[in-house]
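Structural characterization, general
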Amino acid sequence: MRPDDAKRVCECEYLGVPLDGLKAGVHPNVVGIGVGHKVARGRATDDLALRFYVRQKMHALLVPPAQRIPDEVEGIRTDIVQSGEFSIWRPIPPIYQRKVRPAMGGLSIGHYSVTAGTLGCVVSDRGDRLILSNNHVLANENRGAEGDPILQPGRFDGGKPEKDTLARLETYVALDPEEANLVDCALARPYDPADVTEDVLGIGRLRGSREPELDERVRKSGRTTRLTGGTVVDAGATLRVGYATGTYLFRDQMIVVGERGAFSAGGDSGSAIVGADGKAVGLLFAGSPFFTVANKFVHVEKAFGVRVA
Amino acid sequence: MARRRTRRGFIAKDRHGRPMVSAKDIKDRHEARLMKTPGVVGVGIGRKDGKECIRVYVENGSPKVLSALPRSLEDVPVEVVVSGSFRAR
């Protein structure tokens, strides 16, 4: 009998492909059947064999006799190959860009009309747990109104207002086009406090906050570049930053240079910058091709009268 | 306390020879003028060779911008850093 005929018989018996005169059956472990060279002692031989692709290859003693795949079918040898389940290749987005409950620092978040930014961390306002990120992430550069839905993941990552709304906009520090700004930050109140946790993805719980120091090593967890490390190269910068609505002047900011490649990219706005001791030192909000700019975390806490939770 | 004469006047130094006026004070004094220089996008404080310095961030390293910036301000070295322009992320 030729291998193709034996294969057709097996397809009927193990995968349920109809064939005249045979009872179709489905084997729980077989996901595919093919024809290839028989493998003996780890090497392919000249003989053809039936290849049974299985979810998991098991020891002969563990297989119930009724499910055993014979060594030979109609005179053709068989090979058992562990392939796992087959699926179409669809890219799975990293966890940073997916819906996660309870939500935590480092994940994609955004106002319903903003593309996406990063959830910085959970802060405590006299016992209430609030979500901290940038004004231009949660309040759409002063254009958001109190109570606007905040999506996790953000709109760019597929977040929909009807099913991914995590919180509502609570308050923000307005960006001032005339005077020098100190912070770009906003707070959102989760509809269900159990939907958020104090953890930051890949970093863990924050242990308070402090001023950044020159030359210190810092880390951040963000939607786009995920977990990265860098060095503080400037601890008191005044600079002009371009926004969609215009250019704003900022004073007393910190500047970070990445260790391996860029420390941040578009979409990382709102990430908390954390020192080696686990204390928050900055709130990432802007950058140039070579640098990342962040508000000092102590200014952010003072602006709202909140503490790292 | 040791004192050293400079072109712009006296700067008090502590016994390790470090200036008593912090780089931040000097930066604050010159910040407004530096920020008005075309091509300058930021002014900050960093460290170079273990000493505090004033960092001036410029959009690009064109000779016109570089020649308009001082090498040092009141004895604090100035480091010119080509950063490109800053954008909200």
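See the structure shown above.
Residues numbered from 1 in each chain as written. Chains lettered and ligands numbered in written order. Predicted model: local features only at pLDDT ≥ 70, side-chain atom pairs only at ≥ 80, totals over all residues. Heavy atoms only, no water.

1. Quick word on the pattern of salt bridges
Operational definition: Criterion for a salt bridge: a side-chain nitrogen of Lys or Arg within 4 Å of a carboxyl oxygen of Asp or Glu. Helix and strand labels come from DSSP, where a helix needs a run of H or I of at least four residues and a strand needs a run of E of at least two; each type is numbered from the N terminus. Using a 1.4 Å probe on the protein chains alone, a residue whose accessible area is under 20% of its type maximum counts as buried, one over 50% counts as exposed, and one in between counts as partly exposed.
In the structure shown here, the tally under the stated rule is 26 salt bridges over all chains. Among the ionic pairs, arginine 223 of chain A bridges to aspartate 157 of chain A, the shortest N-O distance being 2.5 Å. Here aspartate 157 of chain A lies in the loop between β10 (149–151) and α3 (161–164) and arginine 223 of chain A lies in the loop between β15 (217–222) and β16 (226–243), a separation of 66 residues in the sequence. Take arginine 223 of chain A and aspartate 157 of chain A: they sit in the same class, and that class is buried. A salt bridge links aspartate 252 of chain A to lysine 296 of chain A, with the nearest nitrogen and oxygen atoms 2.9 Å apart. On the criterion of sequence distance, the pair formed by aspartate 252 of chain A in strand β17 (residues 246–258) and lysine 296 of chain A in strand β20 (residues 292–296) is long-range, its members being 44 residues apart. Like aspartate 252 of chain A, the residue lysine 296 of chain A is buried in the burial classification. In this structure, a network of salt bridges that share partners links the residues Lys24, Lys27, Asp28 and Glu31 of chain B.

2. Digging into the side chain of glutamine 152 of chain A
Residues and elements named next belong to chain A. Rule in force here: Definition of a polar contact: a pair of N or O atoms within 3.5 Å, with one able to donate and the other able to accept a hydrogen when the atoms are protein atoms, and with sequence-neighbouring residues admitted only if both atoms are side-chain atoms. The criterion used for residue contact is that any of the two residues' heavy atoms lie within 4.5 Å.
With respect to the helices, strands and loops of the structure, glutamine 152 is situated in the loop between β10 and α3. Exposure remark for glutamine 152: the relative accessible area of 0% places this residue in the buried category. Among the polar contacts made by the side chain of glutamine 152, one reaches the main-chain amide nitrogen of valine 100 at a distance of 3.1 Å. Not counting the four nearest positions on each side in its chain, glutamine 152 is found in contact with Arg98, Lys99, Val100, Arg101, Ala103, Leu107, Ser108, Ile109, Asp164 and Leu166.

3. Considerations on the interface of chain B and chain A
Put simply, the test is: By buried area we mean how much accessible surface two parts lose on assembly, using a 1.4 Å probe and totalling the loss over both.
Contacts between the two partners involve 23 residues from chain B, matched on the other side by 31 residues from chain A. Both sides together, the interface formed by chain B and chain A hides about 2,100 Å², and carbon and sulfur atoms give 49% of it. Our enumeration of links across chain B and chain A arrives at two salt bridges. Between arginine 55 of chain B and aspartate 234 of chain A there is a salt bridge, with its nearest N and O atoms 3.9 Å apart. At the boundary of chain B and chain A, one finds 19 residue pairs in polar contact (both at pLDDT 80 or more).

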